Amino acid sequence: MSAHWPPPFQIRLSQRAKRILVSIHPKRGLEIVTPKRLGAQQALDIIAQHRAWIEAKLHARQSHAPHAATAWPAHQLPAHIRLPALDEHWQLVHLATTTRAQLRIDSAQRQLTLLGESEQVWGLLQRWFIAHAKAQLLPALHQLAEVHNDPLQGSGIRWNHTRWGSCSHAGRINLSARMLWLEPCEVIYVLHHELNHLHHFNHSPDFWQALEERLPGALALDHGIRHAHRRASFPEWLKLV
Ligand SMILES: [Zn+2]
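Predicted, not measured: the structure shown is a model, and the values here were computed from it. (Residues numbered from 1 in each chain as written. Predicted model: local features only at pLDDT ≥ 70, side-chain atom pairs only at ≥ 80, totals over all residues. Heavy atoms only, no water.)

A.B. asks: Teacher, can you tell me more about the overall build of the protein chain here?
C.D. replies: Scanning the protein chain from N- to C-terminus turns up seven helices and ten strands. In terms of overall dimensions, the protein chain has C-alpha extents of about 70 × 35 × 25 Å along its principal axes. For the protein chain, the proportion of its 241 residues judged to be buried stands at 46%. A separation of at least 24 residues holds for 47% of the contacts in the protein chain among residues at least 6 apart in sequence. By element, 53% of the accessible surface of the protein chain is carried by carbon and sulfur atoms, the whole surface being about 13,200 Å². With 26 positive and 18 negative side-chain charges, the protein chain shows a separation of 15 Å between the mean positions of the two kinds. (Helix = DSSP H or I, 4+ residues; strand = E, 2+ residues; numbered from the N terminus. Buried < 20%, exposed > 50% of the residue type's maximum accessible area, 1.4 Å probe, protein only. Contact = heavy atoms within 4.5 Å. Areas by Shrake-Rupley, 256 points an atom, 1.4 Å probe, with all protein chains shown as cover. Lys, Arg positive; Asp, Glu negative; His and termini not counted. Charge placed at Lys NZ, Arg CZ, Asp CG, Glu CD.)

Structural data, given as structure tokens:
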């Protein structure tokens, strides 16, 4: 049970609430109803104080409606974001306020705080994934290009569902931000694969031979990532982003 702690929750500001309440709404799920603004840490402390009650309630709910636990309501954001590629674990708190949607990033604490309505916050989250992938994956790409003397002309990050990466004839490589959910050795593989296209603009036997020389075991990694998006490490909610 502890692996799922804390469960996803929202904070709802209510002028009518006399005090802070923790409740489980049949549709909205776990929420803190509060008359005043709460900081992310305060919110986490509050649900920690009610842990036994929350776990018992959620457990009972799950056994009465087993499907409710697997179906991800569109409005409900994850409480945790694990990024295997970077071996990072981020905590996400959603404050369901009516103010303009915004994302606060605390890199030191690896904590994200989303404010606003959930329809808008998915977009903000997606932008952060792209920015984070840009900051973390592109330097590695350029470094590898330098080591291997690859004529890399430019790079970028997209939110691509169908391909991990692509390489243009002009020498530009685009990577998918969804690579954040691959394993680190697979990320290295995709980087080598795309960089190798700067020398072989196809998937000819020469391409694969050169790739295997750059990175022994490349072929096996290629097979491994074809269906990577079906793995458990690719969270269900990614489909909603
Ligand atoms: Zn390719």
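Text resumes after the structure shown.
A.B. asks: Teacher, can you tell me more about the side chain of Asn196 here?
C.D. replies: Residue placement: Asn196 occurs in helix 5 (residues 184–196). On the basis of relative accessible area, Asn196 is assigned to the buried category, the value being 2%.

A.B. asks: Whenever I open this one, the sheet that holds strand 10 (residues 172–176) confuses me. Can you help?
C.D. replies: Hydrogen bonding along the main chain pairs the strands of a sheet, whether they run parallel or antiparallel. An order of 8-10-9 is seen for the three strands of this open sheet, with the pairing classed as mixed. Strand pairing shows two members of the sheet lacking a second neighbour, strand 8 (154–158) and strand 9 (165–167), which therefore form its edges. On average, each strand axis in the sheet is tilted by 15° relative to the strand beside it, whichever way the strands run. In the packing of helix 5 onto the sheet, contacts are made with strand 9 and strand 10, and the angle to strand 10 comes to roughly 155°. (Pairing = 2+ DSSP bridges. Axes fitted to C-alpha atoms, helices over the stretch in contact; angles between N-to-C directions.)

A.B. asks: Any chance you could explain empty space enclosed by the protein here in plain terms?
C.D. replies: Remark: the empty space left among the atoms is shown by a probe the size of a water molecule rolled over them. The tally for this structure, following the rule as stated, stands at one cavity of 30 Å³ or more. Taken as a whole, the largest cavity spans an internal volume of roughly 60 Å³. Lining the largest cavity are ten residues, and of these Pro8, Phe9, Leu77, Pro78 and His94 lie nearest its centre. The element best represented in the lining of the largest cavity is strand 5 (residues 88–96), accounting for three residues. Broken down by class, the residue content of the lining of the largest cavity amounts to seven nonpolar, three polar and no charged. (1 Å grid on protein atoms, 1.4 Å probe; cavity = no way out; pocket = protein on both sides within 12 Å on 5 of 7 lines; lining within 4 Å. Points joined across faces, edges and corners; volume = space filled by probe spheres on them. Nonpolar A, V, L, I, M, F, W, Y, C, P; charged D, E, K, R; others polar.)

A.B. asks: Got a minute to help me understand unusual backbone geometry in this structure?
C.D. replies: Across residues other than glycine, the phi torsion is negative in most instances, and most of the peptide bonds are trans. Despite not being glycine, Arg110 shows a phi value in the positive range, around 50°. Judged by its relative accessible area of 33%, Arg110 falls in the partly exposed class.

A.B. asks: What am I meant to see in the packing of aromatic side chains here?
C.D. replies: Inspection of the entire model under this criterion finds ten aromatic pairs. Between Trp90 and Trp128 the ring centres are 4.7 Å apart and the planes differ by 70°, which places this aromatic pair in the edge-to-face class. Taken together, the residues Trp90 in strand 5 and Trp128 in helix 4 (residues 118–147) connect sequence positions 38 residues apart. By relative accessible area, which is 2% here, Trp90 ends up buried. The class of Trp128 is buried, set by a relative accessible area of 6%. (Phe/Tyr/Trp six-rings, centres within 6.5 Å; stacked < 30°, edge-to-face > 60°.)

A.B. asks: Can you help me understand the pairing of strand 8 in this one?
C.D. replies: Two faces make up the sheet, and in a regular strand the side chains alternate between them. When you tally the buried positions in strand 8, you get four out of five residues, the bulk of the element. Note that strand 8 and strand 10 share five bridges and pair parallel. Each bridged residue has a counterpart across the sheet, and for Gly154 the counterpart in strand 10 is Arg172.

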